[in-house]
Structure formats: C-alpha cells, structure tokens
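Spelled out, the chains give:
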Amino acid sequence: MSLFDINPHTVTVRPAVLKPGDLARKVVLGDPVTVTRVAVQPISSTETDETSTDEYKVIGRGAWPGGTHARVTVTDGPHKGEYDQQGEAVVHGMTPRTTHYVVRLRRRGQEV
C-alpha cells in the first residue's frame, strides 16, 4: 500500500481552454471532472517567496485533468472552496511506485 492510495480529499476540476474572442482570448471552462484520493495541503513558507496563506497544493497519482487556467473546487476535506490552478502540474516520477503530481492552487478572489 502506498501513501498515495489513502489520500483523504476529493476535488472537482474544470479544465479550461483559451478561445479567440472579439478583442481578446477568453477562458472557456469545460465539463467538471472529479478526482478522488488526493491530498490538499497549504504551501509552506519554504516553498514560496510570498507570504500568502491562500496558496495550496494538490498531491495525487495518475493523470491530472486540469491545465494552466483550470478551476478547482475542493469538495471534501478541510480546505473546501474554489481555487485557480497556478501553472501546469509538476510530475515527479523517479520510480513507478513513487510517481505523483503536484498542482499549485490559489484561492479564488485573491490578488496575484
């Protein structure tokens, strides 16, 4: 058994696509995808240069359905709420047993 198999949180991801608009590109959200068995944790002060308390990371296995502009809703766990994905998912894959992704999130409504 791996620690990645017992993660307690559930998130809903709405992948986003940039579509051309009249004057600029628009972000269009796709259909929601539920991702289970992930861990949602606050980002520690050693992982960022900012002092924000509204940044989190999602750690899990498999394929992450979101992208740079995805909207993530934490539906199960202590950090419930809506978040924007910050950048692409980082995949760590030293061995098949320890392969996982880390996704950075920022609570919606927070200034960058």
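So, here is what we can say about the structure in this document.

Reading guide: rules and limits
Residues numbered from 1 in each chain as written. Predicted model: local features only at pLDDT ≥ 70, side-chain atom pairs only at ≥ 80, totals over all residues. Heavy atoms only, no water. Helix = DSSP H or I, 4+ residues; strand = E, 2+ residues; numbered from the N terminus. Buried < 20%, exposed > 50% of the residue type's maximum accessible area, 1.4 Å probe, protein only. Areas by Shrake-Rupley, 256 points an atom, 1.4 Å probe, with all protein chains shown as cover. Salt bridge = Lys/Arg side-chain N within 4 Å of Asp/Glu carboxyl O. Polar contact = N/O pair within 3.5 Å; in protein donor to acceptor, adjacent residues only side chain to side chain. Pairing = 2+ DSSP bridges.

## Looking at the overall build of the protein chain
Looking only at helices and strands, one finds zero helices and nine strands in the protein chain. By residue count, 32% of the 112 residues in the protein chain fall in the buried class. In the form shown here, the protein chain has an accessible surface area of approximately 7,200 Å², with 52% of it arising from carbon and sulfur atoms.

## Things to note about unusual backbone geometry
The backbone phi angle of arginine 37 is positive, close to 55 degrees, even though this residue is not glycine. By the element assignment, arginine 37 lies in strand S4 (residues 33-42). The exposure class assigned to arginine 37 is exposed, which follows from its relative accessible area of 52%.

## What about the pattern of salt bridges?
For the structure on display, the rule yields five salt bridges. The shortest N-O distance in the salt bridge between glutamate 55 and arginine 104 comes to 2.9 Å. Linking glutamate 55 in strand S5 (residues 55-60) with arginine 104 in strand S9 (residues 100-107), this pair joins segments that are 49 residues apart in sequence. What makes arginine 104 partly exposed here is its relative accessible area of 31%. When the shortest N-O distance is used, the salt bridge between arginine 106 and glutamate 55 registers 2.8 Å. With a gap of 51 residues between them, arginine 106 in strand S9 and glutamate 55 in strand S5 connect regions that are remote in the sequence. The same class applies to arginine 106 as to glutamate 55, namely buried. Each of Glu55, Arg104 and Arg106 takes part in one network of salt bridges that share partners.

## A few points about the side chain of arginine 106
Judged by its relative accessible area of 7%, arginine 106 is buried. Within the local environment of arginine 106, its side chain forms a polar contact with the side chain of glutamate 55, the two groups lying 2.8 Å apart.

## Structural notes on the pairing of S5
Regular strands place their side chains on alternate faces of the sheet. Within S5, six of the six residues are buried, which leaves it mostly tucked inside the rest of the structure. Pairing between S4 and S5: four bridges, direction antiparallel. When the bridges of S5 are listed, proline 42 appears paired with tyrosine 56. Strand direction decides the pairing type here: S5 and S9, joined by six bridges, are antiparallel. The residue of S9 that forms the bridge with isoleucine 59 is valine 102.

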